[in-house]
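What follows is each chain in one-letter form.
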Amino acid sequence: MFAPPPNSIIDDDGHILPEVLAARRRGVIFDLATAAAATCAGTCRTHLKAGFLPDTFSTDWTPKAAPLKW
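Residues numbered from 1 in each chain as written. Predicted model: local features only at pLDDT ≥ 70, side-chain atom pairs only at ≥ 80, totals over all residues. Heavy atoms only, no water.

**Q** Outline the packing of aromatic side chains, supporting the account with residue identities and numerical values.
**A** Applying the stated criterion across every chain yields a total of one aromatic pair. Judged by centre distance (5.1 Å) and plane angle (80 degrees), the rings of Phe-30 and Phe-52 are edge-to-face. Of this pair, Phe-30 sits in the loop between α1 (18-25) and β1 (31-33) while Phe-52 sits in the loop between α3 (41-49) and β2 (56-58), and the two are 22 residues apart along the sequence. By relative accessible area, Phe-52 is classed as buried at 2%. In this structure, Arg-24 packs its charged tip against the face of Phe-52, placed 3.9 Å from the ring centre. (Phe/Tyr/Trp six-rings, centres within 6.5 Å; stacked < 30°, edge-to-face > 60°. Helix = DSSP H or I, 4+ residues; strand = E, 2+ residues; numbered from the N terminus. Buried < 20%, exposed > 50% of the residue type's maximum accessible area, 1.4 Å probe, protein only. Lys NZ or Arg CZ within 6 Å of the ring centre and 35° of its normal.)

**Q** Could you give me a rundown of the confidence of the model for the protein chain, with the residues and numbers involved?
**A** Taken as a whole, the protein chain shows an average pLDDT of 76; of its residues, 64% reach a score of 70 or greater. Taking the mean pLDDT of every element in the protein chain, the minimum, 55, falls on helix α2 (residues 34-39) and the maximum, 95, on α1. (pLDDT = per-residue confidence, 0-100.)

If you want it as structure tokens, here you go:
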């Protein structure tokens, strides 16, 4: 969910893409993978500022995952 560009769910202005909002209305669940979040904290902050919170927070830690630093 919190992938950096070009695979981000936000546009260049920091707004959530309309198709992502439509997916959420249809019941699509958005997950924050902790290992991925640790590598893109800046992207995570942008999503949170846009008001788009994850539905789940998975625990897919790997040995190489960096500590989550906000």
